[in-house]
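Summary of structural features
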Amino acid sequence: ADVLIYATGFDVGSIGRTKIQGTTTCVEGRSAADDGLEAYLGISVVGMPNSFMLLGPNTTLAHNSLIRMIEAQVAFMVRTMVEAIDNDVECFDIKPQIVEEYNSKLQSVFKDRVWSYGGCSSWYLNKNGKVFVLWPNTTFMFHRIANQASSLQKAFNTRM
């Protein structure tokens, strides 16, 4: 299998000078932050089949180490890829409703938190005032959610 690794460094909300074109989604430069890119577990974006990212939207921390977040994301990725291989799945793309439900829950947690409450502005917010960078809970909670995340067949549209 071919693997492409692209690292942007510490430019929050940006993928640098690169344009990533999926089937229905295009991410370019700062568009991830400015347009409010959403991902399931900060990993899977609708319209970007057979792709994963680490430390995507809403996975950065203001209070802890990112190592636990990365470990949980990698475990989810490996589980998903193994399931795809075991079931002869050629293509998998996260279902839009899965991403919408997940991000709706995240944003509801933020509404009363310091990062968005009271009209504060910071680099955690995009131009529309949406918290796109931070994970709102503990790393243990993220790890638990990622470990209990839906299987390939439930969370992804697949093609054999």
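Scoring rules and cut-offs
Residues numbered from 1 in each chain as written. Predicted model: local features only at pLDDT ≥ 70, side-chain atom pairs only at ≥ 80, totals over all residues. Heavy atoms only, no water. Helix = DSSP H or I, 4+ residues; strand = E, 2+ residues; numbered from the N terminus. Buried < 20%, exposed > 50% of the residue type's maximum accessible area, 1.4 Å probe, protein only. Contact = heavy atoms within 4.5 Å. Areas by Shrake-Rupley, 256 points an atom, 1.4 Å probe, with all protein chains shown as cover. Axes fitted to C-alpha atoms, helices over the stretch in contact; angles between N-to-C directions. Parallel < 35°, antiparallel > 145°, perpendicular 65-115°, else oblique. Nonpolar A, V, L, I, M, F, W, Y, C, P; charged D, E, K, R; others polar. 1 Å grid on protein atoms, 1.4 Å probe; cavity = no way out; pocket = protein on both sides within 12 Å on 5 of 7 lines; lining within 4 Å. Points joined across faces, edges and corners; volume = space filled by probe spheres on them. Expected span 1.5 Å × (residues − 1). Arc of directions from axis to C-beta. Salt bridge = Lys/Arg side-chain N within 4 Å of Asp/Glu carboxyl O.

Section: the overall build of the chain
If you tally the helices and strands in the chain, you get five helices and four strands. Reading the secondary structure of the chain in the N-to-C direction produces β-β-α-α-β-α-α-α-β. For the chain, the proportion of its 160 residues judged to be buried stands at 41%. Of the contacts formed within the chain by residues at least 6 apart in sequence, a portion of 62% connects residues at least 24 apart. Of the roughly 9,200 Å² of accessible surface on the chain, a fraction of 54% belongs to carbon and sulfur atoms.

Considerations on the packing of helix α2 (residues 67-86) against helix α4 (residues 139-147)
Taken N-terminus to C-terminus, the directions of α2 and α4 make an angle of 0 degrees; their axes are 9 Å apart at the nearest point. By the angle between their directions, the pair α2 and α4 is classed as roughly parallel. Facing Arg68, Met69, Ala72, Gln73, Phe76 and Arg79 of α2, the residues of α4 in contact are Thr139, Phe140, Phe142, His143, Ala146 and Asn147. Tallied by class, residues from the contact of α2 with α4 come to six nonpolar, four polar and two charged.

So, the layout of surface pockets
If you add up the space inside the second largest pocket, you get close to 180 Å³. Lining of the second largest pocket is provided by Tyr40, Ile98, Glu101, Tyr102, Lys105, Ile145, Gln148, Ala149 and Ser150. Classifying every residue of the lining of the second largest pocket by side-chain character gives five nonpolar, two polar and two charged.

With respect to helix α3 (residues 96-110)
Its 15 residues place the ends of α3 21 Å apart at the C-alpha level, agreeing with the 21 Å of an ideal helix rising 1.5 Å per residue. Buried within α3 we find Ile98, Val99, Tyr102, Asn103, Leu106 and Phe110. One side of α3 holds all its buried residues, which, seen down the axis, span an arc of 110 degrees. Opposite the buried face of α3, by more than 90 degrees, sit the exposed residues Glu100 and Lys105. Tucked inside the fold, the buried residues of α3 contact β3 (91-94), α4 and α5 (152-155).

Structural notes on the pattern of salt bridges
Taken as a whole, this structure holds two salt bridges when the rule is applied. Note that Asp112 and Lys111 form a salt bridge whose closest N and O atoms lie 3.8 Å from each other. The two residues Asp112 and Lys111 agree in class, both being exposed.

Here we look at unusual backbone geometry
The phi angle at Asn58 is positive, at roughly 60 degrees, despite the residue not being glycine. Turning to its location among the elements, Asn58 is positioned in the loop between α1 (31-34) and α2. Take Asn58: its relative accessible area is 2%, and that puts it in the buried class. Phi at Asp88 is positive, roughly 55 degrees, even though this residue is not glycine. The residue Asp88 is located in the loop between α2 and β3 in this model.

Remarks on α2
Spanning 20 residues, α2 covers 28 Å between terminal C-alpha atoms, matching the ideal 28 Å at 1.5 Å per step. Buried within α2 are the following residues: Met69, Ala72, Gln73, Phe76, Met77, Thr80 and Ala84. Take α2 and look down its axis: the buried residues cluster within an arc of 135 degrees, on one side only. Across from the buried face of α2, at angles greater than 90 degrees, the exposed residues are Ile67, Ile85 and Asp86. Where α2 is buried, its residues touch β3, α4, α5 and β4 (156-159). Looking at the residues trailing α2, positive phi occurs at Asp88, about 55 degrees.

Honestly, it's all geometry; don't read function into it.
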